[in-house]
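# Fold and contact review
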Amino acid sequence: MPGNDEVDRIVDAWLRERPDLDFAPLQVLSRVGRLAKHLDRARRTAFSRSELESWEFDVLSALRREGAPYELSPKALLQQTLVSSGTMTNRIDRLVERGLVTRRTDPNDGRGIFVVMNPDGLIRVDAAITRLVDAEAELLATLTASERERLASLLRKLSLDFD
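On a predicted model such as this, the values are computed, not experimentally measured, just so you know. (Residues numbered from 1 in each chain as written. Predicted model: local features only at pLDDT ≥ 70, side-chain atom pairs only at ≥ 80, totals over all residues. Heavy atoms only, no water.)

### With respect to the layout of surface pockets
For the record, the criterion: Cavity: a set of points on a 1 Å grid over the protein atoms alone where a 1.4 Å probe fits but cannot get out. Pocket: an open set with protein on both sides within 12 Å along at least five of seven lines, its lining residues, like those of a cavity, having an atom within 4 Å of a point. Grid points are joined across faces, edges and corners, and a volume is the space filled by probe spheres set on the points. We count a stretch as a helix when DSSP gives it H or I for four or more residues in a row; a strand needs E for two or more, and each element gets its number in order from the N terminus. Under the grouping applied here, Gly and all other residues not named as nonpolar or charged are polar, the nonpolar ones being Ala, Val, Leu, Ile, Met, Phe, Trp, Tyr, Cys and Pro and the charged ones Asp, Glu, Lys and Arg.
For the largest pocket, the calculated volume is near 1,600 Å³. Of all the secondary structure elements, the ones that give two or more residues to the lining of the largest pocket are helix H1 (6-17), helix H2 (24-49), helix H6 (119-139) and helix H7 (145-159). For the lining of the largest pocket, the element with the most residues is H2, which contributes 10 residues. Residue composition of the lining of the largest pocket, by class: 17 nonpolar, 4 polar and 10 charged.

Dropping the structure here:
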């Protein structure tokens, strides 16, 4: 078993001061929060090396996961990125300005549009996801494959109530 970490020290101090409380949730969620900070730093680095902001990666990766021709309606992008329609319109506008996506009229409905990823967007999102997967693998390097699978399963169980 590894040595004590900062969360252990924090919980021990609280137990000394407030022995009437159950600090088991802090044992888990404080570590999740601390790890999230490391993950956020790794993501920002991976994205910035590909000259993308995290929100740009979110939109481009939704298009990339869709497969060729890498297009989605703004409504589908809203559902995948969990932002408001006004925010998505602004994001699409900014991605168009950067030359990472274009808008295309829906041939089946002249009022509708598709957002289509351009070749530069594809290059950037592919580079970013490669860097991100490598960085995340480093964060998990101390765990065995079976430990990673078990952790993923437990986190999935916990997150199902929030998705």
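### Regarding the environment of Trp55
To be explicit about the condition: Relative accessible area decides the class of each residue, using a 1.4 Å probe on protein chains only: under 20% of the type maximum gives buried, over 50% gives exposed, and in between gives partly exposed. We call two residues contacting when some pair of their heavy atoms lies within 4.5 Å.
Residue position: Trp55 is located in helix H3 (residues 54-66). In this structure Trp55 comes out as buried when scored by relative accessible area, which is 13%. Trp55 sits 35 residues away from Asn90 along the chain, and the two C-alpha atoms are 11 Å apart. Ignoring anything within four residues of it in the chain, the contact list for Trp55 reads Arg91, Arg94 and Leu95.

### Regarding the UniProt feature "domain: HTH marR-type" (unreviewed entry) in the protein chain
What counts, and what does not: UniProt positions are given in the numbering used here, feature names are shortened, and annotations may be inferred rather than shown by experiment.
The positions that UniProt labels "domain: HTH marR-type" (unreviewed entry) are, in the present scheme, residues 25-160. Structurally, residues 25-160 is divided into 70% helix and 12% strand, and its ends, taken at the C-alpha atoms, are 18 Å apart.

### Focus on the pattern of salt bridges
How we decide: Salt bridge, as applied in this entry: a Lys or Arg side-chain nitrogen positioned within 4 Å of an Asp or Glu carboxyl oxygen.
Scanning all chains against the criterion turns up 14 salt bridges. A salt bridge links Arg31 to Asp5; the nearest nitrogen and oxygen atoms lie 2.8 Å apart. In this pair, Arg31 is assigned in helix H2 and Asp5 in the segment before H1, connecting sequence segments 26 residues apart. Note on Asp5: relative accessible area 26%, which makes it partly exposed. Here Arg124 ties to Glu51 by a salt bridge, and the two come within 3.1 Å at their closest N and O atoms.

### Structural notes on the environment of Leu26
Locating Leu26 in the fold gives a position in helix H2. Since its relative accessible area comes to 30%, Leu26 is described here as partly exposed. For the pair formed by Leu26 and Val11, sequence separation is 15 residues and the distance between their alpha carbons is 7.2 Å. The residues contacting Leu26, other than those within four sequence positions of it, are Val7, Val11, Trp14 and Arg31.

### Some points on the pairing of strand E3 (residues 109-117)
The criterion, for reference: When DSSP finds two or more bridges between a pair of strands, those strands are recorded as paired.
Relative to E3, strand E1 (residues 71-72) runs antiparallel, the two sharing 2 bridges. Its bridge partner being in E3, Glu71 is matched across the sheet by Val116. Remark: 2 residues form the turn of the hairpin made by strand E2 (residues 101-106) and E3, two consecutive strands paired antiparallel.

### A few points about the side chain of Glu56
Applied cut-off: Pairs of N or O atoms are called polar contacts if they sit within 3.5 Å, as long as, within protein, a hydrogen donor faces a hydrogen acceptor (for residues adjacent in sequence, only side-chain-to-side-chain pairs).
If you trace the backbone, Glu56 turns up in helix H3. Within the structure, Glu56 has its side chain in polar contact with the backbone nitrogen of Glu53 (distance 2.6 Å).

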